[in-house]
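The chain contents come next:
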Amino acid sequence: MSTHSLILLIAPPTVGVIVGYASGGRIAGLRSIRLSAVWLLWLAAVVQAAQYHVAALRHPGTLVVVFGLVLWWLAMNIPRWPLTIRVAGVAIAVGALANGATVALNGRMPYQPSGAEAVGLRPDLTTSKNEPADDATRFAFLGDTIPVTPLKNLVSPGDVLIGAGTVALTALAMRRRHDQPDPVPQHLTGGET
């Protein structure tokens, strides 16, 4: 994994912490969000990292597995979260679904060759994870089309949703107090709808 890719990976939660503090939140607020099956996220991270070092995993299906593990974790956790945090979780899920579907339909994440050239990358490089978009590419607009020039990288609309959702989820969770109860929907308390 390149340094630029690592920066893109850690930037959203870092920005979320900064926004959380700036809006009066505290790290302790993160404990108020119930998380289950965190092992799924760790497994997704291990599979993603292993793809760079294990030849047998350097194939496009590995990315679909990573997105699938993240979606599974989100599906288990989102229903338990307070509404505002649930919305941020849904943004992450939609981004992961968009990325996963694009990879599944094309075999790899397509990228715009002109965008790659604009950020200083080779416009014709096919890797285990990426390939240049062409006329046969399905849903090319969901591929890596957004240049991040300072990091010499391209990101997808799904990546943007995942990043924005991560920032929002982190910042909103930091603003919650640990002793603050989650609101219970009226239909579960016997109240009128």
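Residues numbered from 1 in each chain as written. Predicted model: local features only at pLDDT ≥ 70, side-chain atom pairs only at ≥ 80, totals over all residues. Heavy atoms only, no water.

J.: Please explain the overall build of the chain as it appears in this structure.
T.: Each helix and strand in the chain was counted, giving 7 helices and 4 strands. By principal-axis analysis of the C-alpha atoms, the chain measures approximately 60 × 35 × 30 Å. Taking all 193 residues of the chain together, the buried fraction comes to 38%. In the chain, once contacts between residues fewer than 6 apart in sequence are set aside, the share between residues at least 24 apart is 63%. Here the chain has roughly 10,900 Å² of accessible surface; of this, 67% comes from carbon and sulfur atoms. (Helix = DSSP H or I, 4+ residues; strand = E, 2+ residues; numbered from the N terminus. Buried < 20%, exposed > 50% of the residue type's maximum accessible area, 1.4 Å probe, protein only. Contact = heavy atoms within 4.5 Å. Areas by Shrake-Rupley, 256 points an atom, 1.4 Å probe, with all protein chains shown as cover.)

J.: Teacher, can you tell me more about the packing of helix α4 (residues 83–106) against helix α6 (residues 157–174) here?
T.: The relative placement of two packed helices is expressed as an angle between their axes plus a distance between the axes. Between α4 and α6, whose axes approach to 7 Å, the crossing angle comes to 160 degrees. Between α4 and α6, the crossing angle belongs to the class labelled roughly antiparallel. Seen from above, α4 lies across α6 with left-handed handedness. Seen from α4, the contacting residues are T84, I85, A88, G89, A91, I92, V94, G95, A96, A98 and N99; seen from α6, they are G158, D159, L161, I162, G165, T166, A168, L169, L172 and A173. Considered class by class, the residues forming the contact of α4 with α6 number 13 nonpolar, 7 polar and 1 charged. (Axes fitted to C-alpha atoms, helices over the stretch in contact; angles between N-to-C directions. Parallel < 35°, antiparallel > 145°, perpendicular 65-115°, else oblique. Left-handed = near helix turned anticlockwise from the far one by under 90°. Nonpolar A, V, L, I, M, F, W, Y, C, P; charged D, E, K, R; others polar.)

J.: Would you explain the nonpolar core in this entry?
T.: The biggest cluster of nonpolar side chains holds 17 residues, and the ones touching the most others in it are W73, L74, W81, I85 and L169. Contributions of two or more residues to this core are made by α2 (39–50), α3 (61–77), α4 and α6. Setting aside anything within four residues of it in sequence, one finds W81 in contact with I33, R34, L35, W73, L74, R86, G89 and L169. (Core = buried A, V, L, I, M, F, W, Y, C linked by side-chain atoms within 4.5 Å.)

J.: Before we go on, may I ask you to explain the side chain of N99 in this structure?
T.: Residue placement: N99 occurs in helix α4. Its relative accessible area of 0% is what places N99 among the buried residues. Setting aside residues no more than four positions away along its own chain, N99 makes contact with F67, M109, L142, S156, G158, D159 and I162.

J.: Help me out: how do you make sense of unusual backbone geometry in this one?
T.: Peptide bonds are trans in most cases, and residues, glycine excluded, mostly fall at negative phi. One non-glycine residue, A37, lies in the positive phi region at around 55 degrees. Structurally, the position occupied by A37 is in the loop between α1 (3–22) and α2. Of note, the phi angle at F139 is positive, near 55 degrees, even though the residue is not glycine. Tracing the sequence through the fold places F139 in the loop between β2 (130–132) and β3 (146–148). The class of F139 is partly exposed, set by a relative accessible area of 44%.

J.: I would appreciate a short explanation of the pattern of salt bridges in the present structure.
T.: Close approach of charged atoms allows side chains with opposite charge to pair. Tallied over the full model, the rule gives 2 salt bridges. For the salt bridge of E131 with R108, the shortest nitrogen-to-oxygen distance reads 4.0 Å. In this pair, E131 is assigned in strand β2 and R108 in the loop between α4 and β1 (109–111), connecting sequence segments 23 residues apart. Here D124 makes a salt bridge to R122, at a shortest N to O gap of 3.2 Å. (Salt bridge = Lys/Arg side-chain N within 4 Å of Asp/Glu carboxyl O.)

J.: Can you walk me through the packing of α3 against α4 in this structure?
T.: Relative to each other, α3 and α4 sit at 155 degrees, their axes nearing to 9 Å. Between α3 and α4, the interaxial angle falls into the category roughly antiparallel. Pair α3 / α4 crosses with left-handed handedness. Within the contact between the two elements, α3 uses L63, V64, F67, L71 and L74 and α4 uses G89, I92, A93, A96, L97, N99, G100, V103 and A104. Partitioning the contact of α3 with α4 into residue classes produces 11 nonpolar, 3 polar and no charged.

J.: How should I be thinking about α3 in this particular structure?
T.: Every α-helix carries 3.6 residues per turn, so stepping three or four residues along brings you back to the same face. Between its first and last C-alpha, α3 extends 25 Å over 17 residues, near the 24 Å set by a 1.5 Å rise per residue. Looking only at α3, the buried set comprises T62, L63, V66, F67, L69, W73, L74 and N77. Relative to the axis of α3, the buried residues are bounded by an arc of 155 degrees and lie together on one face. Here the buried face of α3 lies against α2 and α4. (Expected span 1.5 Å × (residues − 1). Arc of directions from axis to C-beta.)

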